[in-house]
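# Coordinate inspection notes
Listed here are the chains, written in short residue letters.
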Amino acid sequence: MKIKGRILAIFIINLVSFCLLVNGLVYYQFNQFVTEKTLSSNMKLFEMMLDSQYAGAYRLDEQGQLYKGETLLNEQYTLVDKLKGIALVECTIFAKDTRVSTSIYKENKRVTGTKATGEVVETVLTDGQAFIGDVEIAGSDYKAIYHPVLDEAGQVVGMLFVGVKVATINSQVMGILWAIMGLSMLMLVIVVAEIYSMTTRIISKPLGRVCDELEKVAQGDLTSQLEHKLVSRKDEVGDLSRSLNRTKESLKQVVQGLKGNVHSLNQEADNLSGVSE
């Protein structure tokens, strides 16, 4: 492979690697943003909306139904649907580990009455801590956040859930990644064209000119000289051009010296021939 091809190949490999790295970072950062920032903000909004809409503390009755103040939250869908419409997230209210109000549907039915996963139950209901991570609900994967719901005595009586489908996140991320890749490819084409032009102008053509002169030397032509613009360059091409011109001058002197010696030998041969006669 010629020098120009090597330069282009190295540049393209490095730029493509850089683009892949950027895309990977974008994907990772977007996921982190959705999980840690967006979901946390929407959970706070969910809690504020519940406190604003329904006065009083959370409590479980003897049948395990969840109340906030005097309002029964079981099958109360107004709030979860409202937040879904505002923030484009799924929302659920749990009485203990059971969904009693949710915006999530499966086969055109809300998934109320279904249970949370064991990992969520242990973290939120048993340990009283928030859970942030990936969960599967009704056959779909979600990025989710769960917060414990406490009664007046500080006992965990339920949970709140806010989540986004992983497929939705991936769709949004891929849109961003395709845009970045498109811009990257455009930049790649522009920069490669510029580098191709630059290497042709600065490296390939000057080296080609030097190679032509070397070919002339190989054929015995020592009369031509490399032009001033090559000899005056302050880089390796200039060094090579100056060295070639000096080499040609040295070869000229050697050839002239040989011609002089041949002429002298011819004269000596003529003199010896005259004496012998």
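Rules and cut-offs
- Residues numbered from 1 in each chain as written.
- Predicted model: local features only at pLDDT ≥ 70, side-chain atom pairs only at ≥ 80, totals over all residues.
- Heavy atoms only, no water.
- Pairing = 2+ DSSP bridges.
- Helix = DSSP H or I, 4+ residues; strand = E, 2+ residues; numbered from the N terminus.
- Buried < 20%, exposed > 50% of the residue type's maximum accessible area, 1.4 Å probe, protein only.
- Arc of directions from axis to C-beta.

Pairing is antiparallel in the open sheet, where 3 strands are placed in the order β1-β2-β3. A strand with exactly one partner marks an edge of an open sheet, and here the two such strands are β1 (58-60) and β3 (71-72). Relative to strand β2 (residues 66-68), β1 runs antiparallel, the two sharing 3 bridges. By the bridge assignment, Leu-60 is partnered in β2 with Leu-66.

The next thing to look at is the pairing of strand β8 (residues 131-137). The pairing of β8 with strand β9 (residues 140-150) spans 7 bridges and is classified as antiparallel. Note on β9: the bridge partner recorded for Phe-131 is Tyr-146.

What follows covers helix α2 (residues 78-87). Counting along an α-helix, one turn takes 3.6 residues, and residues three or four places apart therefore face a common direction. Inspection of α2 places Leu-79, Val-80 and Leu-83 among the buried residues, and these make up the whole buried set. Axial view of α2: buried residues confined to an arc of 100°, hence all on one face. Residues of α2 that are exposed and angled more than 90 degrees away from the buried face: Thr-78 and Gly-85. Directly beyond the C-terminal end of α2, a positive phi value near 60° is found at Leu-88.

What follows covers unusual backbone geometry. In the Ramachandran plot, Glu-75 falls in the positive-phi region, its phi being about 60° despite a non-glycine side chain. Mapped onto the elements, Glu-75 comes out in the loop between β3 and α2. The class for Glu-75 is exposed, based on a relative accessible area of 59%. Here Glu-107, not a glycine, exhibits a phi torsion of approximately 55°, which is positive.

None of this, on its own, says anything about what the molecule does.
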